[in-house]
Amino acid sequence: MIRLDKFLCDTVGVTRREAAILLREKRVSVEGDIVKSGALKIAEDANVEFDGMPLRLSGPRYYMMNKPDGYVCSHEDAHNPTVFILIDEVSAEKLHIAGRLDCDTTGLLLLTDDGQWSHRVTSPKHKCDKTYRVLLDDDVSEETADLFAEGVMLRGEKQETLPAQMEKVADKEVLLTIHEGKYHQVKRMFAAAGNKVVGLHRESVGELVLDEALAPGEYRALTESEIALFMPKK
């Protein structure tokens, strides 16, 4: 059971105070009867209408976004726009990010309101690989791949990074797959190898690959099969 005013907040995207106003204006009905009390307890599948429009609680939501450069992965920031201003969904403030990207990093970003699902995406014990396209300031050396495959001791860390796989694309461009998510890890790895990252784009998380049809700043809901990639195997 759920309070009617809470139900309205979750489905219409209003505040508790705004829900009370809608109820006083007799714009909400439950099972065909006008209701003015937000304290009424209703079943989550109750027949609720707002201005004649049926309302239903949505299940957990899952989205992928092609994150653009210059946007931060937080709900509020004093200096930069946030990715959430790009989300046109009811109760977007209830979404959170499963695996943040730096402000200047682009590519695959996952957003959800399912905490258990996002934990499976980000928790090291689930070994969720992440592949990045990396643009470098200097030509990449052949020794760099061997260094990353063995693990790199990053400044301020007590343990080396897990072995990572690097594929050279061009003199200053590589694909790097890591198996953990340390703070600024890719940038710090290349700094330890004597190089500097000048462009970073996440292409995949686990088996989920960024949809090439998404332009920077665009997003879409994940398909059931994509959501299942991070669900426990039956």
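This one's a predicted model, so the numbers in the text were calculated from it and none came from an experiment.

### Focus on the nonpolar core
Grouped together as the largest cluster of nonpolar side chains are 30 residues, with contacts concentrated most on L109, V134, F148, L176, V186 and F190. For this core, the elements supplying multiple residues, two or more each, are β7 (62–67), β9 (105–112), β10 (130–136), β12 (173–178), α5 (185–192) and β13 (197–205). Dropping the residues within four chain positions of it, F148 is found in contact with L162, P163, A164, M166, L176, M189, F190 and A193. Listed in part, the 17 residues of the second largest apolar core include I2, L22, V30 and V35.

### What to know about the pattern of salt bridges
For the structure shown, the criterion picks out 15 salt bridges. Taken together, the shared-partner salt bridges in this structure form one network comprising E157, E180, K182 and R188.

### Describing the packing of aromatic side chains
Taken as a whole and assessed by the stated rule, the structure comprises 4 aromatic pairs. On the numbers, 4.9 Å between centres and 65° between planes, the contact of Y62 with W117 is edge-to-face. With Y62 in strand β7 and W117 in helix α3 (residues 115–122), this pair connects stretches of sequence that are 55 residues apart. Comparing Y62 with W117, the two get one shared label, buried. Measuring from ring centre to ring centre gives 5.0 Å for F148 and F190, while their planes differ by 85°; the resulting arrangement is edge-to-face. With F148 in helix α4 (residues 142–150) and F190 in helix α5, the pair connects residues that are 42 residues apart, well separated along the chain. Each member of the pair F148 and F190 is classed as buried.

### Description of the side chain of D114
As for its placement among the helices and strands, D114 is situated in the loop between β9 and α3. This buried residue, D114, is left without a salt bridge; R120 holds the nearest opposite charge, at 5.1 Å. A distance of 3.2 Å separates a polar side-chain atom of D114 from the backbone nitrogen of Q116. A distance of 3.1 Å separates a polar atom in the side chain of D114 from the backbone nitrogen of W117. In this structure, D114 is in contact with P60, Y62, H96 and M231, ignoring residues within four places of it in sequence.

Here is what the cut-offs are and how they apply
Residues numbered from 1 in each chain as written. Predicted model: local features only at pLDDT ≥ 70, side-chain atom pairs only at ≥ 80, totals over all residues. Heavy atoms only, no water. Core = buried A, V, L, I, M, F, W, Y, C linked by side-chain atoms within 4.5 Å. Buried < 20%, exposed > 50% of the residue type's maximum accessible area, 1.4 Å probe, protein only. Helix = DSSP H or I, 4+ residues; strand = E, 2+ residues; numbered from the N terminus. Contact = heavy atoms within 4.5 Å. Salt bridge = Lys/Arg side-chain N within 4 Å of Asp/Glu carboxyl O. Phe/Tyr/Trp six-rings, centres within 6.5 Å; stacked < 30°, edge-to-face > 60°. Lys, Arg positive; Asp, Glu negative; His and termini not counted. Polar contact = N/O pair within 3.5 Å; in protein donor to acceptor, adjacent residues only side chain to side chain.

Limitation: the analysis is restricted to geometry and does not speak to function.
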